[in-house]
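If you want the building blocks of each chain, they are given just below.
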Amino acid sequence: MLERPTPLSREDFSLRCPRALDPFEAFLPSQPGFIQDFVIGLYNSEVPVAYSAWSAVWCLAMAIKREAWVKWFKDDPLFPNFYIILSGPPSSKKGKAVGRAVRVYKSGIGPVDRPIKGEAERPYEGKLSEPWVRAMKTHVPLIMDFSTTRPLKAALSWRGRRGMGTEKGSEVELRDADGELLHNEDGSIWKYTKTSEIGVVTEELSTFLGKQKYNEGLVPLMLAIYNTDLDKEDRTDAHGIVSMRSLCTNWLAGTTADSFQDAVSDTAKGDGFFSRATIVHLDR
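These lines cover the structure that appears in this document, whether it is placed above or below. Small disclaimer: the values here were computed from a predicted structure and weren't measured.

1. What about the overall build of the chain?
No. 1: Helix and strand content of the chain: 10 helices and 11 strands.
No. 2: The globule rule puts the C-alpha radius of gyration for 284 residues at 19 Å, and the 20 Å found for the chain is close to it.
No. 3: By principal-axis analysis of the C-alpha atoms, the chain measures approximately 55 × 50 × 45 Å.
No. 4: Expressed as a percentage of its 284 residues, the buried residues of the chain come to 44%.
No. 5: A fraction of 72% describes how many contacts in the chain between residues 6 or more apart in sequence connect residues 24 or more apart.
No. 6: In the structure as shown, the chain presents an accessible area of about 15500 Å², 53% of it carried by carbon and sulfur atoms.
No. 7: Side chains of the chain give 37 positive and 38 negative charges; the mean places of these two sets differ by 3 Å.

Structure below.
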């Protein structure tokens with residue numbers, strides 16, 4: 001088991017990295033922890049604190065997945081899935097915040113895609129120490145920058161994740177650090193079925209949700225997979241059935257105000273899409 005990390009000191013770093021106070025620092029968690037550390041790690045990088053803080057939220061949500069929730073209704077828990085859009089003028093370091101979040105997530109969790117065909121099995125290089133945790137977290141794919149609906153649906157198939165992560169198969173038996181099987185309270189072996197949780201990263205929103213013909217259907221799909229309380233299916237004659245279960249989609253994107261208004265399709269502007277999004281906008 002990893003030792004509990006020691007949080008960074010904002011006071012110490014403020015002395016070592018003199019900088020103007022960012023107004024958004026007033027909204028950071030008062031308790032030291034990951035979000036505050038992520039923000040400190042980007043001090044003096046010109047990334048606004050609002051961008052780094054919300055990028056840290058995306059990173060946390062990706063790591064937590066459906067394994068923590070708020071008790072909302074008894075049969076409808078509230079999971080931490082976010083559609084986060086960083087909006088601001090060019091050169092406001094949106095891409096740097098997004099890139100840092102992706103690197104931190106990848107280095108902490110480990111594999112995020114199946115090995116290339118013919119490639120030898122790579123040793124695990126993430127930070128997760130317990131095999132059962134690796135089995136539950138390393139199969140979640142990242143869709144980067146651009147996709148059409150078909151590859152995105154294929155990535156959401158939990159049955160299609162047999163070759164992903166550190167554990168093969170769509171259902172795996174969980175083991176501790178000594179290789180011993182873990183059991184439920186009733187004595188049965190604890191098994192984990194891979195889920196349709198997914199991460200989407202779009203450094204430029206217009207390339208993903210633009211008005212190009214091949215983007216048709218992408219907005220309704222992103223609307224559909226935002227909901228976490230329903231399992232879904234996609235049926236076609238050519239590709240058969242894609243089964244999606246235990247959905248939890250986390251999306252991190254960047255855009256400028258002009259691109260946001262001009263390049264994003266009218267479908268994205270309506271249909272309740274942006275009511276699902278957290279838009280982090282800065283004028284300068």
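2. What to know about the packing of helix H3 (residues 49-64) against helix H4 (residues 94-109)
No. 1: One way to put it is that H3 packs onto H4 with a least axis distance of 9 Å and a crossing angle of 30°. One way to sum up the angle between H3 and H4 is to call them roughly parallel. For the pair H3 and H4, the crossing hand works out as right-handed. Judged by residue contacts, Tyr-51, Ser-52, Ser-55, Trp-58, Cys-59, Met-62 and Ala-63 of H3 engage Lys-94, Ala-97, Val-98, Ala-101, Val-102, Val-104, Tyr-105 and Ile-109 from H4.
No. 2: Class assignment of the residues belonging to the contact of H3 with H4 gives a composition of 12 nonpolar, 2 polar and 1 charged.

3. A look at empty space enclosed by the protein
Vacant regions in the atomic arrangement are exposed by a probe of water-molecule size rolled over the atoms.
No. 1: Applying the stated criterion across every chain yields a total of 1 cavity of 30 Å³ or more.
No. 2: A volume near 30 Å³ is recorded for the largest cavity.
No. 3: Contributing elements (two or more residues each) for the lining of the largest cavity: H3, strand E7 (197-202) and strand E10 (248-255).

4. As for the environment of Val-98
No. 1: With respect to the secondary-structure elements, Val-98 resides in helix H4.
No. 2: Val-98 gets classed as buried once you look at its relative accessible area, which sits at 3%.
No. 3: Expressed as a C-alpha distance, the spacing of Val-98 and Met-62, which sit 36 residues apart in the sequence, is 13 Å.
No. 4: Leaving out residues up to four positions away in the same chain, Val-98 has contacts with Ser-55, Leu-86, Val-201 and Leu-252.

5. Topic: the nonpolar core
No. 1: Counting 35 residues, the largest nonpolar core has Trp-58, Ile-84, Leu-86, Tyr-105, Leu-142 and Leu-252 as its most contacted members.
No. 2: At the level of secondary structure, the elements contributing two or more residues to this core comprise helix H2 (34-40), H3, strand E3 (83-87) and H4.
No. 3: For this core, the leading source of residues is H3, giving 9 residues.
No. 4: With residues near it in sequence (within four places) discarded, Leu-142 still touches Trp-58, Met-62, Val-102, Tyr-105, Lys-106, Val-112, Gly-199 and Val-201.
No. 5: Residues Ile-198, Leu-218, Met-222 and Phe-273 belong to the second largest nonpolar core, which totals 26 residues.

Definitions and cut-offs
What you see as residue numbers is a count from 1 along each chain, following the sequence as written. Since the coordinates come from a predicted model, pLDDT governs what is reported: local features require at least 70, and pairs of side-chain atoms require 80 or more to be given and counted, while whole-chain, interface and lining totals use all residues. Water and hydrogen atoms play no part in the side-chain values, which are based on all heavy atoms of the structure. Helix and strand definitions follow DSSP, with helices as H or I runs of at least four residues and strands as E runs of at least two, each counted in order from the N terminus. Our radius of gyration is a C-alpha quantity, and the globule rule it is checked against amounts to 2.2 Å times the number of residues to the power 0.38. Relative accessibility thresholds used throughout: buried, under 20% of the residue-type maximum; exposed, over 50%; partly exposed, between the two (1.4 Å probe, protein chains only). Contact criterion: two residues are considered in contact whenever any of their non-hydrogen atoms come within 4.5 Å of each other. Only the protein chains shown count as cover for residues, and the accessible areas themselves come from Shrake-Rupley with a 1.4 Å probe. Neither His nor the chain ends contribute to the count of charged residues, in which Lys and Arg are positive and Asp and Glu negative. Here the site of a charge means atom NZ of a Lys, CZ of an Arg, CG of an Asp or CD of a Glu. Throughout, an axis means a line fitted to C-alpha atoms (over the contacting stretch in the case of helices), and angles, computed between N-to-C directions, take values from 0 to 180 degrees. Here the word oblique covers every angle except those under 35 degrees (roughly parallel), over 145 (roughly antiparallel) and from 65 to 115 (roughly perpendicular). A clockwise turn of the near helix away from the far one marks a right-handed crossing, whereas an anticlockwise turn of less than a right angle marks a left-handed crossing. Put simply, Ala, Val, Leu, Ile, Met, Phe, Trp, Tyr, Cys and Pro go in the nonpolar bin, Asp, Glu, Lys and Arg in the charged bin, and everything else, Gly too, in the polar bin. The definitions used throughout rest on a 1 Å grid laid over the protein atoms alone, on which a cavity is an enclosed set of points accommodating a 1.4 Å probe that cannot get out and a pocket is an open set flanked by protein within 12 Å on both sides along at least five of seven lines; lining residues are those having an atom within 4 Å of a point. Grid points are joined across faces, edges and corners, and a volume is the space filled by probe spheres set on the points. In this description, a nonpolar core means a group of buried Ala, Val, Leu, Ile, Met, Phe, Trp, Tyr and Cys residues linked to one another through side-chain atoms lying within 4.5 Å.

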